[in-house]
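# Structure at a glance
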Amino acid sequence: MINIKDNVQSILNEIKNTALNCGRNPEEIRLIAVTKTHPASQIDEVIKAGVGIFAENKVQEAEIKLPEMKEKADEFHFIGHLQSNKINKLMRLNPDLIHSIDKLSTAQKLDEVCEKMGMTQRILIEINTSGEISKNGMNPDDLLSVIPEFAKLTHIKVEGLMTIGALSEDETTIRKCFQLLRTLAEQVKTLKHENVEMKHLSMGMSHDFQIAIEEGATLIRVGTLLFGERIYFKQ
Ligand SMILES: *Cc1c(COP(=O)(O)O)cnc(C)c1O
């Protein structure tokens, strides 16, 4: 039996220990419960266990589950690939932070929608730091040149970068991805664009969040360690 409450406690302990061991303040790091494929009742469970932020990666799935929840989270994050034809639907769900904007064109579309709604959306830019072709994310080499364009979008607030580490058993290979994300954020900061902040590095999942914390993660996204393996049903 999976005990979500115990899992939350042990992950929070691990976050704290890892942070302290590398000289960081554990309070700079937020745990995000990745609830994809798990029912609304489990989202309620994890909120009751003290995790304030949950994240989904599919608009359609979130549309079904969010209205079924009984608990109120502090924040709902979107971490999946965002197709431009799903932007309107996603915005109706009021995401607090979208981690996964990987194209200027998507950001521009989102900015238009937000302007019509009279609101500003917090986003992160997703970077493909591993170079794996299966992964979404902007090419790291393209980031600095598009930042001035993101900065022009007044209904979007860029708050940092997001990545998924390399699919590898080798710690050094994974660590390099996270180091690259941090270096990119430092470079963006030197551009000093108003409206583009680099306060968040969203990196680290169940199998690599300790490495991510050592490399400066502020948001870690954990699914399997909280809820067990995901079961995907064919539709
Ligand atoms: C599924 C997912 C996670 C969580 O992965 P686990 O290995 O289950 O912790 C984190 N980030 C993103 C973008 C995901 O899609």
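This text goes with the structure placed above it.
We now turn to the structure provided with this report. Values in this document were obtained by computation on a predicted structure and should not be read as measured data.

### What about the nonpolar core?
Counting 67 residues, the largest nonpolar core has Val-46, Leu-110, Ile-125, Leu-143, Phe-150, Leu-161 and Ile-220 as the members making the most contacts within it. Looking at this core element by element, the count peaks at seven residues for helix 7 (residues 171-191). The residues contacting Ile-220, other than those within four sequence positions of it, are Ile-15, Ile-29, Arg-30, Leu-31, Ile-32, Met-203, Gly-204, Phe-209 and Ile-213. Membership of the second largest hydrophobic core comes to nine residues, among which are Ile-32, Ala-55, Ile-79 and Leu-97.

### Overview of the pattern of salt bridges
Per the stated rule, a full pass over the model turns up 15 salt bridges. The shortest N-O distance in the salt bridge between Glu-197 and Lys-157 comes to 3.0 Å. With Glu-197 in strand 7 (residues 196-202) and Lys-157 in strand 6 (residues 156-162), this pair connects stretches of sequence that are 40 residues apart. Here Glu-197 falls in the partly exposed class, since its relative accessible area comes to 32%.

### Things to note about the packing of helix 6 (residues 143-151) against helix 7
In the contact formed by helix 6 and helix 7, the axes pass within 10 Å of each other and the chain directions differ by 45°. Between helix 6 and helix 7, the interaxial angle falls into the category oblique. Note that helix 6 runs across helix 7; the crossing there is right-handed. Every residue of helix 7 that contacts helix 6 at Leu-143, Leu-144 and Ile-147 is listed here: Leu-184, Gln-187, Val-188 and Leu-191.

### So, the environment of Val-51
Along the polypeptide, Val-51 turns up in the loop between helix 2 (40-48) and strand 2 (53-56). Look at Val-51 and you get buried, because its relative accessible area is 4%. Along the sequence, Val-51 and Ile-15 sit 36 residues apart, while their C-alpha atoms lie 13 Å from each other.

### Here we look at the site of the ligand
Neighbouring the ligand are the residues Val-34, Lys-36, Ile-79, Met-162, Ile-164, Met-205, Ser-206, Arg-221, Val-222, Gly-223, Thr-224 and Arg-230. Measuring from a nitrogen atom of the ligand, one finds a side-chain N or O atom of Arg-221 at 2.8 Å. In the model, an oxygen atom of the ligand is placed 2.8 Å from a nitrogen or oxygen of the Gly-223 main chain. If the ligand stood free it would expose 390 Å²; the protein chains cover 91% of that surface. In terms of residue class, the shell around the ligand is built from six nonpolar, three polar and three charged.

Cut-offs and rules
Position numbers for residues count from 1 along each chain, tracking the sequence in the order it is written. Only residues with pLDDT of at least 70 are given local features in this predicted model, and only at 80 or more are side-chain atom pairs given and counted; all residues enter the totals for whole chains, interfaces and linings. Side-chain descriptors were evaluated using all non-hydrogen atoms of the structure, hydrogens and water having been removed beforehand. In this text, buried Ala, Val, Leu, Ile, Met, Phe, Trp, Tyr and Cys residues form a nonpolar core when linked through side-chain atoms within 4.5 Å. To sort residues, take the accessible area from a 1.4 Å probe on protein chains only and compare it with the maximum for the residue type: under 20% means buried, over 50% means exposed, and anything in between is partly exposed. Numbering of helices and strands starts at the N terminus; helices are DSSP runs of H or I of at least 4 residues and strands are runs of E of at least 2. Any two residues whose heavy atoms approach within 4.5 Å at even a single point are treated as in contact. Definition used for salt bridges: Asp or Glu carboxyl oxygen within 4 Å of a side-chain nitrogen of Lys or Arg. Lines fitted to the C-alpha atoms define the axes, with helices restricted to the stretch that makes contact. Angles between their N-to-C directions range from 0 to 180 degrees. When describing relative orientation, an angle under 35 degrees is termed roughly parallel and one over 145 degrees roughly antiparallel, while 65 to 115 degrees is termed roughly perpendicular and anything else oblique. Helix crossings fall into two classes, left-handed where the near helix is turned counterclockwise from the far one by less than a right angle and right-handed where it is turned clockwise. The nearness test applies per residue and asks whether one of its heavy atoms lies within 4 Å of the molecule or strand. Counting of polar contacts relies on pairs of N or O atoms within 3.5 Å, with two restrictions inside protein: one atom must be capable of donating a hydrogen and the other of accepting it, and residues adjacent in sequence are counted only when both atoms are side-chain atoms. To be clear on the numbers: accessible area is Shrake-Rupley with a 1.4 Å probe, and residue cover counts the displayed protein chains and nothing else. For this classification, the nonpolar set comprises Ala, Val, Leu, Ile, Met, Phe, Trp, Tyr, Cys and Pro, the charged set comprises Asp, Glu, Lys and Arg, and every other residue, Gly included, is treated as polar.

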